[in-house]
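Summary of the model geometry
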Amino acid sequence: AQTVTQSQPEMSVQEAETVTLSCTYDTSESDYYLFWYKQPPSRQMILVIRQEAYKQQNATENRFSVNFQKAAKSFSLKISDSQLGDAAMYFCAYRSGGNNDMRFGAGTRLTVKP
Amino acid sequence: EAQVTQNPRYLITVTGKKLTVTCSQNMNHEYMSWYRQDPGLGLRQIYYSMNVEVTDKGDVPEGYKVSRKEKRNFPLILESPSPNQTSLYFCASSPWTGRYSNQPQHFGDGTRLSIL
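Residues numbered from 1 in each chain as written. Chains lettered and ligands numbered in written order. Predicted model: local features only at pLDDT ≥ 70, side-chain atom pairs only at ≥ 80, totals over all residues. Heavy atoms only, no water.

Some words on the overall build of chain B
Rules: Secondary structure counts use DSSP, requiring at least four H or I residues in a row for a helix and at least two E residues in a row for a strand, with both numbered from the N terminus. The contact definition used throughout considers only heavy atoms, calling two residues in contact when any of these lie within 4.5 Å. Only the protein chains shown count as covering a residue, and every accessible area follows the Shrake-Rupley method with a 1.4 Å probe. Charge convention: Lys and Arg are scored as positive, Asp and Glu as negative, and His as well as the terminal groups of each chain are ignored. For the purpose of locating charges, the reference atoms are NZ of Lys, CZ of Arg, CG of Asp and CD of Glu.
The secondary structure content of chain B amounts to 0 helices and 11 strands. Taken along the three principal axes of its C-alpha coordinates, chain B extends 45 × 30 × 30 Å. Taking the contacts inside chain B whose residues are at least 6 apart along the sequence as the reference set, 55% of them involve residues at least 24 apart. Accessible surface, chain B: about 5500 Å² in total, of which carbon and sulfur atoms supply 49%. Mean positive and mean negative side-chain charge positions of chain B (13 and 10 charges, respectively) differ by 3 Å.

Written as structure tokens, this is what we have:
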């Protein structure tokens, strides 16, 4: 079974600075999708960004971008110009290409300091 | 508005008292799933459903039941709840558009269950 590992239980960043959250995964599949979800204190699960494994280009959504290293099975999230509203738990997730099942990492709690 | 609706949002109950957490989506999604979230463990899948009358176990199905009689609804049933089922529960849905689909799952707002 696929596993997703987030090795940083907690991270902090100064407002307006850049932070990178790490995620690695283990799979033998070639078709899959990767996601980052944000969970603020309201508990909602909010999609931040997605990446298709067959795409070499790294996904970008405004201040959020990923560094997808397929050979290394690494999928890190970079947040630029951090804002107070970015403070949340962030989950990395893997979805197999063959079905809709998702595997989540344990999460990284991000604190943004003013 | 497209959404996944869970009820209740909070529930405190006692061991052994049957309970049901409802989940409904208005996006005509084929796929629905239940997760539980525990500190340090992330989200773990309990059960999922690919379509009406099609359900299957996830990673942690013990102590739970589900049904999918209608496309929009996917209730989670705890027949005899125990304290180790105290957790934050999420329902999610997504379309199934085939193998090569990057569709993410849409989540409900979560249900906090406390079993005393």
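Additional details are given in the paragraphs that follow.
Concerning the side chain of B:Asp38
Residues and elements named next belong to chain B. The line we're drawing: For every residue, the accessible area (1.4 Å probe, protein chains only) is compared with the maximum for its type, and the residue is labelled buried under 20%, exposed over 50%, or partly exposed between those bounds. The term polar contact refers here to a pair of N or O atoms within 3.5 Å; inside protein, the definition further demands a hydrogen-donor-capable atom paired with an acceptor-capable atom, and it admits residues adjacent in sequence only when both atoms are side-chain atoms.
Here Asp38 lies in strand 4 (residues 31–38). Owing to a relative accessible area of 11%, Asp38 belongs among the buried residues under this scheme. Side-chain polar atoms of Asp38 contact the side chain of Arg36, separated by 2.9 Å. Ignoring sequence-local partners within four residues, the contact set of Asp38 consists of Arg44, Thr86 and Ser87.

A look at the interface of chain A and chain B
As a reminder of what qualifies: Using a 1.4 Å probe, buried area is obtained as the accessible area two parts lose upon being combined, added over both of them. The salt bridge criterion pairs a side-chain nitrogen of Lys or Arg with a carboxyl oxygen of Asp or Glu, the two atoms within 4 Å. Note on residue classes: Ala, Val, Leu, Ile, Met, Phe, Trp, Tyr, Cys and Pro are nonpolar, Asp, Glu, Lys and Arg are charged, and everything else, Gly too, is polar.
On the chain B side, the residues contacting the 24 residues of chain A number 30 residues. Roughly 2300 Å² is buried in total at the junction of chain A and chain B, and carbon and sulfur atoms are behind 45% of that figure. Our enumeration of links across chain A and chain B arrives at 1 salt bridge. Here A:Arg103 and B:Asp59 are joined by a salt bridge, their closest N and O atoms 3.3 Å apart. Linking chain A with chain B are 5 residue pairs in polar contact (both at pLDDT 80 or more), by the criterion used here. Taken together, the elements giving at least two residues each to the side of chain A that touches chain B come down to strand 5 (32–39), strand 6 (46–52), strand 10 (88–96) and strand 11 (102–104) of chain A. In terms of residue class, the side of chain A that touches chain B is made up of 9 nonpolar, 8 polar and 7 charged.

A few points about the pairing of strand 9 (residues 74–79) of chain A
Residue and element names in this part refer to chain A. Test applied: Only strands that DSSP links by at least two bridges are regarded as paired with each other.
By the criterion of burial, strand 9 is predominantly enclosed, with 5 of the 6 residues buried. Pairing geometry for strand 3 (residues 19–21) and strand 9, over 3 bridges, is antiparallel. Each bridged residue has a counterpart across the sheet, and for Thr20 the counterpart in strand 9 is Lys78.

Thoughts on the state of the cysteines
We apply this condition: For the purposes of this analysis, a disulfide is any pair of cysteine sulfur atoms at a distance within 2.5 Å.
On inspection of all chains with the given rule, the structure shows 2 disulfides over all chains. Across the disulfide from A:Cys23 sits A:Cys92; the S-S distance is 2.0 Å. On the S-S bond that ties A:Cys23 to A:Cys92, the torsion sits near -70°, and the link is left-handed. Placement of the pair is A:Cys23 in the loop between strand 3 and strand 4 (24–26) and A:Cys92 in strand 10, with a sequence separation of 69 residues. Put simply, B:Cys23 and B:Cys91 are joined by a disulfide, and their sulfur atoms are 1.9 Å apart. Residues B:Cys23 and B:Cys91 share a disulfide whose torsion about the S-S bond is about -75°; that sign makes it left-handed. With B:Cys23 in strand 3 (residues 19–25) and B:Cys91 in strand 9 (residues 87–94), this residue pair connects regions lying 68 residues apart in the sequence. Across the pair, B:Cys91 and B:Cys23 agree in class, each one buried.

Limitation: the analysis is restricted to geometry and does not speak to function.
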